[in-house]
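Residue strings, one per chain:
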There are 2 protein chains.
Amino acid sequence: MSARHQILEAATRQMAARGADATTLQAIADEVGIRKPSILYHFESKDALRVAVLEDLLARWGEVMPRLFLATSRDGVGRFEAVMAELIGFFTSDPNRARLLVREMMDRPDEMRAYLGRFVQPWLDVVAGQIARDRDAGSTRAEVDPEAYVLTVVCMTLGCLATLEDLGPVLGPDDTHDTPHTRWAAEITRMARVSLFKES
Amino acid sequence: MSARHQILEAATRQMAARGADATTLQAIADEVGIRKPSILYHFESKDALRVAVLEDLLARWGEVMPRLFLATSRDGVGRFEAVMAELIGFFTSDPNRARLLVREMMDRPDEMRAYLGRFVQPWLDVVAGQIARDRDAGSTRAEVDPEAYVLTVVCMTLGCLATLEDLGPVLGPDDTHDTPHTRWAAEITRMARVSLFKES
DNA sequence: CCTACCGATCGGTAGG
DNA sequence: CCTACCGATCGGTAGG
């Protein structure tokens, strides 16, 4: 594995865990097993490294989006379940992803707004547009605010996976689910589903 | 206003905005109009100041909880609306509150777990217990996982208000609501309500 | 990719 | 509540 890639991986983990500002080049160098200035041979500056980490994450999100579009061919409920599974799967496959995005949204809102405009806005428009059509056709609830709904669901997923990760033990014992993770996923999906569709 | 209080107020605002670790004593001193070492006359250390900020916030949450208990005297839907209004009101009355809590949950999960156990767990148990009774009595949905539901709703509220604050402009134009704030609040409340109660 | 080093800034202390 | 100052650590540079 290339040194550049090792640096990127270590930086991703540490920046997600402690935040980009609190992550030091020294700590990344220690993890990779090189000296601090060597990082700046691969990346122009610490900020350039942070941007690389962020764009790497958003690029993977860009890979997932096409799969979400494909799901458009199914019926309403099937499409919903596919999109939700994809959304939750993306963030549970690496818990650091949610934390990193939440941190960056709070630390650099202007920069993140620009990124979200490029990577998330198009997808948001498609999904919200579909919901609006379904709503006008009568298959989803009339009171739904499509844009606010989609953003709330994304935000709910992000927020829960970023913080409730370490908050799982607060939950009482549970027999039905294997991990706190699947228990959250089940409840989030249920809430999103029920609040979108009319009662069958 | 006492100097101590001025320091606490400035620290709260800055720690919520940039995070406790990224907030410097110098910046707080500048805002208050004193010299940096003078802060350490009022607070033993930077960490003691951070703890004071956090406990101040949680104490205010402790003031709100009794009002939530009082709401228990109403019927199901009335009680729900009262609790949701209180929850959202608490965090929208000062947007920094949500950001501060989310940051601390990510930065110091162990410490926050202890605080949540003291301040939020009792309230969680009461609300989840009431939902479980309502569910067994047939007035709320059978599929609801009371504990996961309550935590998800709190987390959804926190996450949305902490990050979507700066994300409001991503939403398209809207005629019904005055501010993006009320639009989020309306959609969050709707999702929480619909996913809890059976269809009337 | 390394050693050696820089100015800036951090939280905190001494002493008044 | 101040001035003066400390050791540690930060991101980054020079030069090889």
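It should be noted that the structure appears before, not after, this text.
Since this is a predicted model, take the numbers as computed values, not measurements. (Residues numbered from 1 in each chain as written. Chains lettered and ligands numbered in written order. Predicted model: local features only at pLDDT ≥ 70, side-chain atom pairs only at ≥ 80, totals over all residues. Heavy atoms only, no water.)

With an RMSD of 0.0 Å, the fit of chain B onto chain A corresponds to turning through 180° and sliding 0.0 Å along the axis. The superposition of one copy onto the other is thereby described by a two-fold rotation axis. By residue overlap, the copies meet face to face through one surface: 100% of the interface positions of chain B are interface positions in chain A. (Least-squares fit on C-alpha atoms with pLDDT ≥ 70 in both. Contact = heavy atoms within 4.5 Å.)

What follows covers the pattern of salt bridges. Counting across every chain of the model gives 38 salt bridges over all chains. Its salt-bridge partner being Asp 47 of chain A, residue Arg 50 of chain A comes within 3.1 Å of it at the nearest N-O pair. Of this pair, Arg 50 of chain A and Asp 47 of chain A both sit in helix α4 (residues 46-70), three residues apart, which is roughly one turn of the helix. A salt bridge links Glu 111 of chain B to Arg 50 of chain B; its shortest N-O distance comes to 3.0 Å. One end of the pair, Glu 111 of chain B, is in helix α7 (residues 109-119); the other, Arg 50 of chain B, is in helix α4 (residues 46-70), and 61 residues separate them in sequence. Judged by its relative accessible area of 23%, Glu 111 of chain B falls in the partly exposed class. Classification of Arg 50 of chain B by relative accessible area gives buried; the value is 5%. Linked by salt bridges that have partners in common, Asp 21, Asp 47, Arg 50, Glu 104, Arg 108 and Glu 111 of chain A make up one network. (Salt bridge = Lys/Arg side-chain N within 4 Å of Asp/Glu carboxyl O. Helix = DSSP H or I, 4+ residues; strand = E, 2+ residues; numbered from the N terminus. Buried < 20%, exposed > 50% of the residue type's maximum accessible area, 1.4 Å probe, protein only.)

A few words on the packing of aromatic side chains. Residue and element names in this part refer to chain A. Summed over all chains, the structure comprises 12 aromatic pairs over all chains. With a centroid separation of 5.6 Å and an interplanar angle of 85°, the aromatic rings of Phe 80 and Phe 197 are classed as edge-to-face. Pair noted here: Phe 80 is in helix α5 (residues 76-92) and Phe 197 is in the segment after α10 (180-194), with a separation of 117 residues, a long-range link. Ring-pair connections join several aromatic residues into one group, and the members of that group are Trp 61, Phe 90, Phe 91 and Trp 123. In this arrangement the basic side chain of Arg 97 is found over the ring face of Phe 90, its NZ or CZ atom lying 4.3 Å from the centre. (Phe/Tyr/Trp six-rings, centres within 6.5 Å; stacked < 30°, edge-to-face > 60°. Lys NZ or Arg CZ within 6 Å of the ring centre and 35° of its normal.)

Between chain B and chain A, the residue contacts involve 47 residues of the former and 47 residues of the latter. Across the chain B/chain A interface, buried area totals approximately 4300 Å², and carbon plus sulfur atoms make up 66% of it. Where Glu 143 of chain A meets Arg 190 of chain B, a salt bridge forms, and the shortest distance between an N and an O atom there is 3.9 Å. Inspection of the chain B/chain A interface yields nine residue pairs in polar contact (both at pLDDT 80 or more). Elements that contribute at least two residues to the side of chain B that touches chain A include exactly α1 (3-18), α6 (96-107), α7, α8 (121-137), α9 (146-163) and α10 (180-194) of chain B. (Buried area = accessible area lost by both parts, 1.4 Å probe. Polar contact = N/O pair within 3.5 Å; in protein donor to acceptor, adjacent residues only side chain to side chain.)

Surrounding DNA strand C, one finds 15 residues, the nearest of these being Ala 3, Ser 38 and His 42 of chain A together with Lys 36 and Lys 46 of chain B. Near-protein atoms of DNA strand C (within 4 Å) split between backbone and bases, with sugar and phosphate holding 57%. Leu 25 of chain B is positioned with one of its backbone polar atoms (N or O) 3.2 Å from a phosphate oxygen of DNA strand C. Contact distances for DNA strand C include 2.7 Å between a phosphate oxygen and a backbone N or O atom of Lys 46 of chain B. At the level of secondary structure, the elements contributing two or more residues to the surface near DNA strand C comprise α3 (36-42) of chain A together with α3 (36-42) of chain B. Its residues assigned to classes, the surface near DNA strand C shows seven nonpolar, five polar and three charged. (Near = heavy atom within 4 Å. Nonpolar A, V, L, I, M, F, W, Y, C, P; charged D, E, K, R; others polar.)

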